[in-house]
Amino acid sequence: MITVGLVLSAGGTSGAAYHAGVLAGLFEATGWDPRTADLIVGTSAGASTAVGLRAGLSAFDHAAYYSEQNLTPEGQSIRDRVTTPLDLPKDPPPHKSFFPSNPYLILQGILGRGRPRPVVSLAGMLPEGQGDGSSLAARINESHPESWPDMSTWICSVDLKTGKRVVFGRDDIECDIGTAVQASSSIPGYFQPVNLDGTKYVDGGIHSSTNADLTAPLGLDVVVVSSAMTATPSESVWPGGPIDRAWHSRTLRREVEKIRAYGSSVLVFQPTAEDLKIRGKDNMITDNSEEICQMAKTSTLAHLSHPRTLKSRKVLEKSLKL
């Protein structure tokens, strides 16, 4: 039996459109249905995509949604379950206080054990956000009425008190899938943290935009990574490009090395120069979602045709025959 893991990164609205294009390209080129992944790891925007897959929304329907095409009857029935309007603030609401949400994290992210995580420090430096993300949780729960998917689904967040990563669906925390996605998407300084039994949770992307390393010790045959906040090597250098993209890209490279060290094949899809040109700088703009999705599909098909992806692609295609 061939086991497959799927990792879906953070990246805002642009990230979700990017994932849709990657998944559509994967399915077209290999026939692999991402809904069948043995494990899906989702962070922030990737968490919403993960639940869409577990709810039954196909790769085709994900891309059709962003490309303003007709969904399949199955996909439309899933979309029709969602009746709550998405009511998210376009701009960060005013802070009640400018006091840092957790001064301890300012030092923890830099001086704590393990690799420094400056984004964790930034999260502690910012005041608590005031944006209400509850409409997202409601919509996720409507799309996936069961409390949690039957197949392994890990949603990544961060404990605002400790700065440590929390993995809903793996860790022993009672939480429905919608609340987990809301927590995973609670951008520090923008959205209110999600409070569960006195513990506050924020966006899992402050630990890692992908959290792909979670798959390393599992012994999966192949791990597919759709990473919207990194870029191909030529586009992830600093200086010369955004420092956050360079940092996330370096983190992903370390995670991929760790996964491969455990013997898994890895397929990584990340934006090319053409993808980045279409996206622009604001990940929350929706006006260019169709172009982002279509370009991501094109880039994915091109990447899968490269000889260096042949081994991982063969493993993925072999899983279809078992």
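Since we're looking at a predicted model, the values are computed, not measured.

> Residues and numbers for the pattern of salt bridges, please.
Applying the stated criterion to the full structure yields 7 salt bridges. Arginine 35 is paired through a salt bridge with aspartate 33; the nearest N and O atoms lie 2.8 Å apart. When the shortest N-O distance is used, the salt bridge between arginine 170 and aspartate 171 registers 2.8 Å. Judged by its relative accessible area of 43%, arginine 170 falls in the partly exposed class.

> Now, about the pairing of strand S4 (residues 165–168): what can you tell me, with residues and values included?
Examined bridge by bridge, strand S3 (residues 152–159) and S4 share 4 bridges and lie antiparallel to one another. Residue pairing in the sheet places cysteine 156 in a bridge with valine 167 of S4. Between S3 and S4, which pair antiparallel in sequence order, lie 5 residues; one of them, glycine 163, sits at a positive phi of approximately 80°.

> Give a detailed account of the packing of helix H1 (residues 12–30) against helix H11 (residues 289–304), specifying residues and quantitative values.
Two quantities define a packed helix pair, namely the angle between the axes and the distance from one axis to the other. Where H1 contacts H11, the two axes come as close as 7 Å, and the packing angle between them is 40°. One way to sum up the angle between H1 and H11 is to call them oblique. Helix-helix and strand crossings are classified by hand; for H1 and H11 the assignment is right-handed.

> Report on the nonpolar core, specifying residues and quantitative values.
In this structure, Leu6, Leu26, Val224, Phe269 and Leu316 are the most contacted members of the largest nonpolar core, which totals 31 residues. If you list the elements that add at least two residues to this core, you get strand S1 (4–8), H1, helix H2 (45–55), helix H3 (59–66), strand S7 (222–226), strand S8 (265–269), H11 and helix H12 (310–318). Broken down by element, this core gets its largest block of residues, 8 residues, from H1. Judged by nonpolar contacts, the second largest core, of 17 residues, contains Val167, Leu214, Ala216 and Val266.

> Kindly report on the layout of surface pockets, identifying the contributing residues and their values.
Empty space within the second largest pocket amounts to approximately 570 Å³. Looking at the second largest pocket, it is lined by 26 residues, and the ones nearest its centre are Pro233, Val268, Gln270, His303 and Arg308. Those elements giving two or more residues to the lining of the second largest pocket turn out to be H1, helix H9 (243–261), S8 and H11. Here the lining of the second largest pocket gets 6 residues from one element, more than from any other, and that element is H9. Across the lining of the second largest pocket, the residue classes tally to 12 nonpolar, 10 polar and 4 charged.

> Describe in detail the packing of aromatic side chains, supporting the description with residues and values.
Enumeration over the complete set of coordinates arrives at 3 aromatic pairs. Their ring planes at 85° and their centres at 5.0 Å tell us that tyrosine 65 and tyrosine 66 sit as a pair that is edge-to-face. Residues phenylalanine 168 and tyrosine 201 carry aromatic rings whose centres are separated by 5.3 Å and whose planes lie at 65° to one another, so their mutual orientation is edge-to-face. Note that phenylalanine 168 is positioned in strand S4 and tyrosine 201 in strand S6 (residues 199–203), a separation of 33 residues in sequence. Across this residue pair, the class does not change: phenylalanine 168 and tyrosine 201 are buried. Residue placement shows arginine 79 over the ring face of tyrosine 65; its charged tip is 4.0 Å from the ring centre. Its end group placed over the ring of tryptophan 154, arginine 170 keeps NZ or CZ at 5.7 Å from the ring centre.

> With reference to specific residues and values, describe H12.
Ser312, Arg313, Val315 and Leu316 are the residues of H12 that are buried. Each buried residue of H12 sits inside an arc of 160° when the element is viewed along its axis, so together they form one side. H12 presents Lys311 and Lys314 as exposed residues on the side facing more than 90 degrees away from its buried surface.

Rules used in this analysis
Residues numbered from 1 in each chain as written. Predicted model: local features only at pLDDT ≥ 70, side-chain atom pairs only at ≥ 80, totals over all residues. Heavy atoms only, no water. Salt bridge = Lys/Arg side-chain N within 4 Å of Asp/Glu carboxyl O. Buried < 20%, exposed > 50% of the residue type's maximum accessible area, 1.4 Å probe, protein only. Pairing = 2+ DSSP bridges. Helix = DSSP H or I, 4+ residues; strand = E, 2+ residues; numbered from the N terminus. Axes fitted to C-alpha atoms, helices over the stretch in contact; angles between N-to-C directions. Parallel < 35°, antiparallel > 145°, perpendicular 65-115°, else oblique. Left-handed = near helix turned anticlockwise from the far one by under 90°. Core = buried A, V, L, I, M, F, W, Y, C linked by side-chain atoms within 4.5 Å. 1 Å grid on protein atoms, 1.4 Å probe; cavity = no way out; pocket = protein on both sides within 12 Å on 5 of 7 lines; lining within 4 Å. Points joined across faces, edges and corners; volume = space filled by probe spheres on them. Nonpolar A, V, L, I, M, F, W, Y, C, P; charged D, E, K, R; others polar. Phe/Tyr/Trp six-rings, centres within 6.5 Å; stacked < 30°, edge-to-face > 60°. Lys NZ or Arg CZ within 6 Å of the ring centre and 35° of its normal. Arc of directions from axis to C-beta.

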